[in-house]
Amino acid sequence: MRPWLKWFIAIDTAIVAIFLAVVFTPVGEQRPAIEQIGDVARGQTLLNTAGCFACHTDTTEDAALAFAGGPRLDTPFGDFYAPNITASKTAGIGNWSLAEFEAALRQGRNRQGQSYYPAFPFLSYRSLSDQDVADLFAALQKTTAVDQPAPSHQLAFPYNIRLGLKPWRWLFASTQSLNIDQSTAIGRGRYLVDVVGHCGECHNPRNSLGAFIAPYLGGSRDIPGGLSAPSIVGAALERMDWTEEDLVYFLADGMLPDGDFVGGSMVEVIEHGTSRMPESDRRAIAEYLFSLR
Ligand code: HEC
Ligand code: HEC
């Protein structure tokens, strides 16, 4: 056989093998079944502090139907609409099992085994504790069922092809849990920042394919809505004359150290999220962020 032909066949075979491996590798990991019993009250609080309500409820509607589908999320890849996650058996997640919910939330895998788009922050939620997942599920099963589905996403080619997410995830995204120890204030703060509050979804810089890049929490220009989110590591906040105490109060009421109020999507993060956390959690977030140099 001619040498060039050998190379040709070898390269073709390699390309086909990589393609097949990527297409047939299951999305996410299999984790042991969750055995904890969900607590509805804790779950209701988490639905707010973790941002589920804000993304999955269109509060621009006159009569906002809680969890029946979100407002338009415009991104560089097109428009996303967070789906209906009410207890509806037809349009929502009323007939889902806890295992299916876990796979969606922590593994980014839908019931057909396909990947969700990372506009759904499962890459942050991958490290949610078993108890928190069980609580969220219990609370969602108690929501008022709305049988109307949310609008479908309007994405540009090639982003509208869900299969394209597989190579993306293979290249950029692990769904392994960070297993964050929450027994210290700093650990609790890290869990609230990286997982529940998913602060990095807006404050981490991303590459042109939407994957997180360094520096951690270093600020991002292209977040949904077109605003930019500044760096929030302690060293950067100190340069802007923030103290740890300023941050604790900011997370409760949105007031900046100069007396102005924050704007953009951060308003929602505070209104539904950090302001509803206990004071000790706001302190933990501040302590963690100020430990980052
Ligand atoms: C930043 C916005 C955002 C936040 C915050 C968010 N979601 Fe979503 N969620 C989405 C989008 C967008 C999708 C659809 C993704 C897709 O189609 O690939 C989605 C999909 C889902 C699905 C799958 C529904 C289905 O029909 O397949 C579930 C379940 C879900 N989210 C639950 C939650 C829960 C619980 C929380 C809070 C812990 C949450 N989401 C927070 C945007 C968000
Ligand atoms: C949905 C996107 C989004 C998420 C999630 C988010 N932020 Fe923000 N944040 C922003 C935007 C946008 C701004 C800038 C707002 C402005 O310019 O008025 C901001 C501003 C801030 C500021 C003010 C910085 C300054 O100097 O003005 C702090 C502090 C902050 N965010 C902390 C956090 C923390 C802590 C979390 C997680 C609990 C978080 N953010 C989650 C979008 C987000």
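As a starting point, this report considers the structure included with it. Because the structure is a prediction, the values reported are computed rather than measured.

Comments concerning the sheet that holds strand 2 (residues 78-81)
Here's step 1: Taken together, the three strands give an open sheet; going across it, the order is 1-2-3, and neighbouring strands pair in antiparallel fashion. Single-partner strands in this sheet number two, and they are strand 1 (72-75) and strand 3 (154-155).
Here's step 2: Note that strand 1 and strand 2 share four bridges and pair antiparallel. The residue of strand 2 that forms the bridge with R72 is Y81.

Focus on the coordination of the iron atom of ligand 2
Here's step 1: Bound to the iron atom of ligand 2 are the protein donor atoms H203 (NE2) and M266 (SD), situated 2.1 to 2.2 Å from the metal.
Here's step 2: Between the six donor atoms coordinating the iron atom of ligand 2, the angles at the centre fall across 87 to 179 degrees, so the site counts as octahedral. With a gap of 63 residues between them, H203 in helix 9 (residues 200-203) and M266 in helix 12 (residues 266-273) connect regions that are remote in the sequence. M266 carries the same exposure label as H203, and that label is buried.

Quick word on the coordination of the iron atom of ligand 1
Here's step 1: Of all protein atoms, just one serves as a donor to the iron atom of ligand 1, and that atom is H56 (NE2), at 2.0 Å.
Here's step 2: Looking at where H56 falls in the secondary structure, it is placed in helix 3 (residues 52-56).

A look at the site of ligand 2
Here's step 1: The immediate surroundings of ligand 2 are formed by 23 residues, with C199, C202, H203, G263 and M266 found nearest.
Here's step 2: Within the contact set of ligand 2, a nitrogen atom lies 2.8 Å away from a side-chain nitrogen or oxygen of H203.
Here's step 3: Separating an oxygen atom of ligand 2 from a backbone N or O atom of G263 is a distance of 2.8 Å.
Here's step 4: Put simply, the parts of the chain that give the shell around ligand 2 at least two residues each are helix 9, helix 11 (244-253) and helix 12.

Rules behind the numbers
- Residues numbered from 1 in each chain as written.
- Chains lettered and ligands numbered in written order.
- Predicted model: local features only at pLDDT ≥ 70, side-chain atom pairs only at ≥ 80, totals over all residues.
- Heavy atoms only, no water.
- Pairing = 2+ DSSP bridges.
- Helix = DSSP H or I, 4+ residues; strand = E, 2+ residues; numbered from the N terminus.
- Donors = N, O, S within 2.8 Å, 3.2 Å for Na, K, Ca; no water.
- Tetrahedral: all angles 85-135°; square planar, octahedral: opposite > 155°, others 65-115°.
- Buried < 20%, exposed > 50% of the residue type's maximum accessible area, 1.4 Å probe, protein only.
- Near = heavy atom within 4 Å.
- Polar contact = N/O pair within 3.5 Å; in protein donor to acceptor, adjacent residues only side chain to side chain.

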